[in-house]
Amino acid sequence: MAVEKKIADLEGGIGSLCTTSGQAAILLSILNICSAGDSFISATQIYGGSINLFAFTLKKLGIECIFVDQNASEEEINSAFKKNTKAVFGETLANPALTVLDIEKFARIAHAHQVPLIIDNTFATPILCKPFLYGADIIVHSTSKYMDGHVVQVGGVIVNSGNFDWTNGKFPDLTEPDESYHGISYTETYGKSAYIVKTRMQLKR
Ligand SMILES: Cc1ncc(COP(=O)(O)O)c(C=O)c1O
């Protein structure tokens, strides 16, 4: 809990959830808002393990990842959206190419479609870049690298900005009663913390 608060403070978020690996953080960040039959968009310039998770493992669960080149025009990226698209994903500095993502462009596009931008900030860390300042809504890290300081422990984290409006009609899992957790609506009960409370109380448990 102390680590979660420190990381949320470093990123300028309102809450976070630590996980057992970076890959677990990424998986939960998507599963929290996507179900079978949904899709999300990801930059192609991301860590190979995440490509594998998105293109193969999530596909088997019925969640489609639509890849777009991060340097594509806004028009091209806009045309990749479908009715069932629930999120946009990218890495601040991509592993291994170290390409720099235009976070503001991706945030603008995601928000025009009323979906959140999830940023993997592993390589930059909040010391070099704070993606919430550029419009990201959710940040994930593999803390196994720089955040750990000595690269001795595998871990991950999901950080919530508290800025995204989950009540726009696209995210019933956050607004409708959750049968698995006392029939509560996360947005009604937890307001700005809805997203991160759901990861903790539903997916992590
Ligand atoms: C950018 C990035 N995200 C996520 C991961 C996955 O993290 P972990 O190895 O902690 O599961 C890695 C691992 O190399 C990474 O480089």
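No experiment lies behind these values; they were computed from the predicted model shown.

Conventions adopted
Residues numbered from 1 in each chain as written. Predicted model: local features only at pLDDT ≥ 70, side-chain atom pairs only at ≥ 80, totals over all residues. Heavy atoms only, no water. Near = heavy atom within 4 Å. Polar contact = N/O pair within 3.5 Å; in protein donor to acceptor, adjacent residues only side chain to side chain. Nonpolar A, V, L, I, M, F, W, Y, C, P; charged D, E, K, R; others polar. Phe/Tyr/Trp six-rings, centres within 6.5 Å; stacked < 30°, edge-to-face > 60°. Buried < 20%, exposed > 50% of the residue type's maximum accessible area, 1.4 Å probe, protein only. Lys NZ or Arg CZ within 6 Å of the ring centre and 35° of its normal. Core = buried A, V, L, I, M, F, W, Y, C linked by side-chain atoms within 4.5 Å. Helix = DSSP H or I, 4+ residues; strand = E, 2+ residues; numbered from the N terminus. Contact = heavy atoms within 4.5 Å.

### Some words on the site of the ligand
Neighbouring the ligand are 14 residues; N95, D120, S142, S144 and K145 lie closest to it. D120 has a polar side-chain atom sitting 2.7 Å from a nitrogen atom of the ligand. One of the side-chain nitrogen or oxygen atoms of S144 is found 2.6 Å away from an oxygen atom of the ligand. A class-by-class count of the residues in the shell around the ligand yields three nonpolar, eight polar and three charged.

### Overview of the packing of aromatic side chains
Scanning the model with the defined rule gives eight aromatic pairs in all. Pairing Y181 with Y186 gives two aromatic rings, centres 6.4 Å apart and planes at 5°, and the pair type is stacked. Summarising the burial analysis for this pair, Y181 and Y186 share the class buried. Pairwise contacts between aromatic rings join F164, W166, F171 and Y195 into one cluster. A cation over an aromatic ring shows up here: K145 above the ring of Y47, its NZ or CZ 5.9 Å from the ring centre.

### Observations regarding the nonpolar core
In terms of nonpolar packing, the biggest core is built from 58 residues, with F40, F54, L117 and I158 touching the most fellow members. Residue contributions to this core peak at five residues, all from helix α5 (residues 103-112). With sequence-adjacent residues up to four places away left out, F40 is seen in contact with I30, C34, F54, L58, I63, E64, C65, I66, T85, K86 and A87.

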